[in-house]
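# Structural characterization, general
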Amino acid sequence: MDEIVEGGWREFLEHEFGTSEPPDERLIAEMVVDEPDKHPWRVVDAAYDRLSCAECGGKLSRGPAGCGPCDLANGFRYTAIEVDRPGVPPGNEHSLRVNLAVTRRPSGVSESEVLLRRLSLPLLLDGHLPTRGTAHATKAMARAGATEAELAAFVYSEWRNA
Ligand SMILES: [Zn+2]
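Residues numbered from 1 in each chain as written. Predicted model: local features only at pLDDT ≥ 70, side-chain atom pairs only at ≥ 80, totals over all residues. Heavy atoms only, no water.

## Here we look at the coordination of the zinc ion
The protein atoms that coordinate the zinc ion are Cys-53 (SG), Cys-56 (SG), Cys-67 (SG) and Cys-70 (SG), at distances spanning 2.3 to 2.4 Å. Because the angles between the 4 donor atoms bound to the zinc ion fall within 101 to 118°, the donor set is best described as tetrahedral. In primary sequence terms, the donor set of the zinc ion follows C-x2-C-x10-C-x2-C. Of this pair, Cys-56 sits in the loop between helix H3 (41-49) and helix H4 (68-76) while Cys-70 sits in helix H4; the two residues are 14 residues apart in sequence, bridging distant segments of the chain. For Cys-56, a relative accessible area of 34% gives the class partly exposed. Residue classification places Cys-70 among the buried residues on the basis of a relative accessible area of 0%. (Donors = N, O, S within 2.8 Å, 3.2 Å for Na, K, Ca; no water. Tetrahedral: all angles 85-135°; square planar, octahedral: opposite > 155°, others 65-115°. Helix = DSSP H or I, 4+ residues; strand = E, 2+ residues; numbered from the N terminus. Buried < 20%, exposed > 50% of the residue type's maximum accessible area, 1.4 Å probe, protein only.)

This is the structure we're talking about:
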């Protein structure tokens, strides 16, 4: 799952510094999160992974809901740049970004929502995007207490046709 943002991070390092292993990655990460709106979201998310939260001690932006610095960072991450990949429906990249953020920081989100977001990641990566109706139907099933297997089966069959 982390590979989704790690790939973006390595590309960014190669492009900006000519190597994917620069000597001071941490310093670069600090520069990136100082200006999240200047970088693609994968780069910003990967930069946060390289910094620790002074309050909860976890990866910055991924601590428990209610941790001040993490809440703040989790909000700032959404100022980062988002560009749809070639050949995917508009909005796919946004869905991927939000679903990944929640999956990687599930604190404060209901279990059924986290499950749905996690299940949808492989399909979003494949370039699928559910219609509004399909997304609603999936959520309704989750709320009604469908099992993970039932949800996975529904998501994989319905979303592919969307
Ligand atoms: Zn924290």
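The structure having been displayed, the exposition proceeds.
## Here's the deal with the environment of Lys-139
Topologically, Lys-139 is positioned in helix H7 (residues 132-143). Residue Lys-139 is classed as partly exposed on the basis of its relative accessible area, which comes to 45%.

## As for the domain arrangement of the protein
Here the protein is described as being made up of domain 1 (2-79) and domain 2 (92-161). Computed over C-alpha atoms, the centres of domain 1 and domain 2 are 25 Å apart. The interface is formed by 19 residues belonging to domain 1 together with 11 residues belonging to domain 2. Three residues stand out in domain 1 for area buried against domain 2, namely Ile-4, Trp-41 and Tyr-78, and they jointly supply 46% of the buried area on that side. Taken together, the connections running from domain 1 to domain 2 amount to 4 salt bridges. Residue Arg-105 pairs with Asp-71 through a salt bridge whose shortest N-O separation is 2.8 Å. Counting across the domain 1 and domain 2 interface gives 12 residue pairs in polar contact (both at pLDDT 80 or more). For the side of domain 1 that touches domain 2, the elements supplying multiple residues, two or more each, are helix H1 (3-17), H3 and H4. Per-element tally for the side of domain 1 that touches domain 2: the top contributor is H3, with 4 residues. For the side of domain 1 that touches domain 2, a count of residues per class yields 8 nonpolar, 4 polar and 7 charged. (Domains from an automatic or database assignment. Contact = heavy atoms within 4.5 Å. Buried area = accessible area lost by both parts, 1.4 Å probe. Salt bridge = Lys/Arg side-chain N within 4 Å of Asp/Glu carboxyl O. Polar contact = N/O pair within 3.5 Å; in protein donor to acceptor, adjacent residues only side chain to side chain. Nonpolar A, V, L, I, M, F, W, Y, C, P; charged D, E, K, R; others polar.)

## As for the nonpolar core
Grouped together as the largest cluster of nonpolar side chains are 26 residues, with contacts concentrated most on Trp-9, Phe-12, Val-32 and Trp-41. Sorting the residues of this core by element identifies H1, helix H2 (25-34), H3, H4, helix H5 (92-104) and helix H6 (111-125) as the ones contributing at least two each. Residue contributions to this core peak at 6 residues, all from H3. For this core, the two domains that each supply at least three residues are domain 1 (2-79) and domain 2 (92-161). When neighbours within four sequence positions are excluded, Trp-41 is seen to be in contact with Ile-4, Val-5, Ala-80, Ile-81, Glu-82, Glu-93, Leu-96, Arg-97 and Leu-100. (Core = buried A, V, L, I, M, F, W, Y, C linked by side-chain atoms within 4.5 Å.)

## With respect to H6
Counted at 1.5 Å a residue, the expected span for H6 with its 15 residues is 21 Å, and the 22 Å between its end C-alpha atoms agrees. Along H6, the helix axis deviates most sharply at Leu-119, where the bend reaches about 25°; the proline Pro-122 sits within four residues downstream. Where H6 is concerned, the buried positions are Val-114, Leu-115, Leu-116, Arg-117, Leu-119, Ser-120, Leu-121, Leu-123 and Leu-124. Of the residues one or two after H6, Gly-127 is the one with positive phi, at around 95°. (Expected span 1.5 Å × (residues − 1). Bend = angle between axes of the 7 residues up to and from the residue.)

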